[in-house]
Structures are given as structure tokens and as C-alpha cells.
Amino acid sequence: MTCDQIGSIVILTGAGISKESGLSTFRDTDGIWAKVRIEDVATPEAFEKDPERVQEFYNARRRGFLSESVQPNAAHQALADLERRWSKDLLVVTQNIDDLHERAGTRSLVHMHGELLKVRCARTGQVYPWRRDVTPEDACECCGSTGTLRPNVVWFGEIPFDLDRIYAALQCCSRFIAIGTSGQVHPAAGFVAEARRGGRARTVLLNAEATDTSPLFDEQVLGPASRIVPEYVEKLLAENRD
Ligand code: APR
């Protein structure tokens, strides 16, 4: 993304965009963190202490992602459509570890919290696709060791992926749109402030409810993502038609 390009967009998505595809969010009352504790399943320490428990948590989620009923919804489709029709740079930064943006057709995409349909060998760092459960017997495809595979996701206490590319895009963008995220987890929660710095970007929140970061947005639209994202995309495209 180049800074001299007026009209570039950065879109941050969170669990709320996948909710209507059948995937749970984290901090809603029926969310994942209401059922399991972060420190038991989503930290490097948890994996060190009880790898089987952590793998089982992610195995179950991976199975969920792959179930036939989980498909991209109208919000994922609308963002893919926007990318196809937008003549300037557009980058989708997702906190989600599912593959629904790709399946909808988004190409300019960063998975800042990793991807669950990939594993990483803790010994060699090699990353490759993985669509079944990980068991203690599984040998790494690259080094042949057992017990070294971990989900290719970012746990609490680890550094998110591709931050240099994300901050470069935020510093240049004319519009920042956050969708389906509670704004409670850093660094993603700070992206709106980064985009606003110097009054450069117009900032928009599309979410089911107001969040702690709502005051930082110029505009807020509340409602289910499958309705408000397609509506917002159409409005944006209409406003920018010659
Ligand atoms: N449409 C739009 N927004 C929705 C919908 C919906 N159908 N359903 C829920 N939401 C909103 C909720 O109101 C909430 O504000 O989506 C937000 C989801 O917030 P979180 O559950 O906190 O998810 P997220 O912000 O993506 O979490 C960030 O936390 O645990 C980590 O690594 C995990 O990437 C995740 C990160």
C-alpha cells in the first residue's frame, strides 16, 4: 500500500463477522471465553503444561470450521465484492483464524492472529495446511518429529503476524472500518487510533453493539453484520461512483 494513494481502505474484522456463519464469538454472553479460560487453552504456558488439552480445544474448533453448515455469510461476500470493485488499495486485516474471508473471495488479506487450518512445527518453524485433528502421534512433515506440531495461531503473550504491513497500511489509509470486534484485545484495539492520527482517516465501526472504542469512530452503524456490511458497502460504492 502506498501513502500517496488517496482512497485506500483498511478493514479490521473480528469474531462478530463470522457469528452468523455459525461460529462463536469470544466475549458475548454465549462466547468461547464464557466456557473456557484463556489461560487454560490460549497461551504458550497452557500448551507447555497440557498440550493435549490445548490441541483438543483447537481440534474441536477446527472441526467446527470444516462442518458443512459453516459458510461465508453476506458480510464476508460484501467485503470480497468491495475489493473487486474498489479501484484503490484495500487491505482486510482479520483477527479471525477461520478461512471464511478467503472462501468468500477476499485476496488482500492478513490473518494477524494466524490460521487454524494450518499447523506449525515448533522445531523448524515450517507452516503447512492441516484439516484434521492434531494428535500426539502426528509426525511433522518436514522433520519427522512427533509432538512438535501446534496450531498456526497467535496465543495471548505472542506477537501477532504481519504488524509491519498492517501499520504501514494504517498510516496511509483514508478510511478505516472495524467490523464485529469488541476492541478489547491489543494491538488490534489500537488500530483505530493509529488510523486517526493526524486526522487522516475517516473511521467507521460496524458492530452488533457499541464498544469501549466507539467514541474513537467518526461513524457507527449497529446491527447484524450480514445486514449492515452489505448496506455499508453499497453506500460506499455509490458515494464514490464518478
Ligand atoms: N454482527 C456484528 N457484530 C457482532 C455480531 C453480529 N452478528 N455478533 C456479535 N457481534 C459483536 C459483539 O457485539 C462483539 O462486540 O462482535 C464482537 C465480538 O467481540 P469478541 O468476542 O471480543 O471478538 P474479537 O473482538 O474478534 O476478539 C478479539 O480476542 O480472544 C481473542 O484471539 C481472539 O481474535 C480474538 C480476539
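Above this note sits the structure.
A few points on the structure. Here the structure is a predicted model, which is why all the values come from computation and not from measurement. (Residues numbered from 1 in each chain as written. Predicted model: local features only at pLDDT ≥ 70, side-chain atom pairs only at ≥ 80, totals over all residues. Heavy atoms only, no water.)

Observations regarding the sheet that holds strand E3 (residues 109-111)
Taken together, the six strands give an open sheet; going across it, the order is E3-E2-E1-E7-E8-E9, and neighbouring strands pair in parallel fashion. The open sheet has two free edges, formed respectively by E3 and strand E9 (219-222), since each of these has just one partner strand. When the angles between neighbouring strand axes are averaged without regard to direction, this sheet yields 15°. (Pairing = 2+ DSSP bridges. Helix = DSSP H or I, 4+ residues; strand = E, 2+ residues; numbered from the N terminus. Axes fitted to C-alpha atoms, helices over the stretch in contact; angles between N-to-C directions.)

Some details on the pairing of strand E1 (residues 9-13)
Burial runs high along E1: five of the five residues are buried. In this sheet, strand E2 (residues 90-94) lies alongside E1 in parallel orientation, the contact comprising five bridges. Within the sheet, the bridge partner assigned to Thr-13 lies in E2 and is Thr-94. Pairing geometry for E1 and strand E7 (residues 175-179), over five bridges, is parallel. From the neighbouring strand, Ile-9 faces E7, where its bridge partner is Arg-175. (Buried < 20%, exposed > 50% of the residue type's maximum accessible area, 1.4 Å probe, protein only.)

Description of the sheet that holds strand E6 (residues 149-153)
Adjacent strands of a sheet form backbone hydrogen bonds with each other and so pair up, either parallel or antiparallel. A sheet is described by the order of its strands in space; here three strands give the open sequence E5-E4-E6, paired in antiparallel fashion. The strands lining the two open edges of the sheet, one partner per strand, are strand E5 (127-129) and E6. The mean angle between the axes of side-by-side strands here comes to 45°, regardless of whether they run parallel or antiparallel. When strand E4 (residues 114-121) meets E6, the two strands line up antiparallel, connected through five bridges.

Considerations on helix H5 (residues 74-85)
For H5, spanning twelve residues, the distance from its first C-alpha to its last is 16 Å, which sits close to the expected 16 Å at 1.5 Å a residue. Considering only its buried residues, H5 is in contact with E1, helix H1 (16-19), E2, helix H6 (100-104), E7 and helix H9 (225-239). A distance of 2.7 Å separates the backbone nitrogen of Ala-75 from a side-chain oxygen at the start of H5, and that oxygen is part of Asn-73. (Expected span 1.5 Å × (residues − 1). Contact = heavy atoms within 4.5 Å. Polar contact = N/O pair within 3.5 Å; in protein donor to acceptor, adjacent residues only side chain to side chain.)

Description of the site of the ligand
Taken together, 23 residues sit near the ligand, with Phe-26, Arg-27, Trp-33, Thr-181 and Ser-182 positioned nearest. Side-chain polar atom of His-113 to an oxygen atom of the ligand: 2.9 Å apart, as the coordinates give it. Take Asn-207: an N or O atom from its side chain is 2.9 Å from an oxygen atom of the ligand. Isolated, the ligand exposes 730 Å² of accessible area, and the fraction of that covered by the protein chains is 93%. Of the residues in the shell around the ligand, the class split is eight nonpolar, ten polar and five charged. (Near = heavy atom within 4 Å. Areas by Shrake-Rupley, 256 points an atom, 1.4 Å probe, with all protein chains shown as cover. Nonpolar A, V, L, I, M, F, W, Y, C, P; charged D, E, K, R; others polar.)

A short note on the nonpolar core
Ile-9, Ile-11, Leu-82, Ile-177, Ile-179, Leu-206 and Val-229 are the most contacted members of the largest nonpolar core, which totals 22 residues. With sequence-adjacent residues up to four places away left out, Ile-177 is seen in contact with Ile-9, Val-10, Ile-11, Leu-12, Val-204, Leu-206, Tyr-232 and Leu-236. Within the second largest apolar cluster, 20 residues are counted, among which are Phe-176, Ala-178, Val-192 and Leu-205. (Core = buried A, V, L, I, M, F, W, Y, C linked by side-chain atoms within 4.5 Å.)

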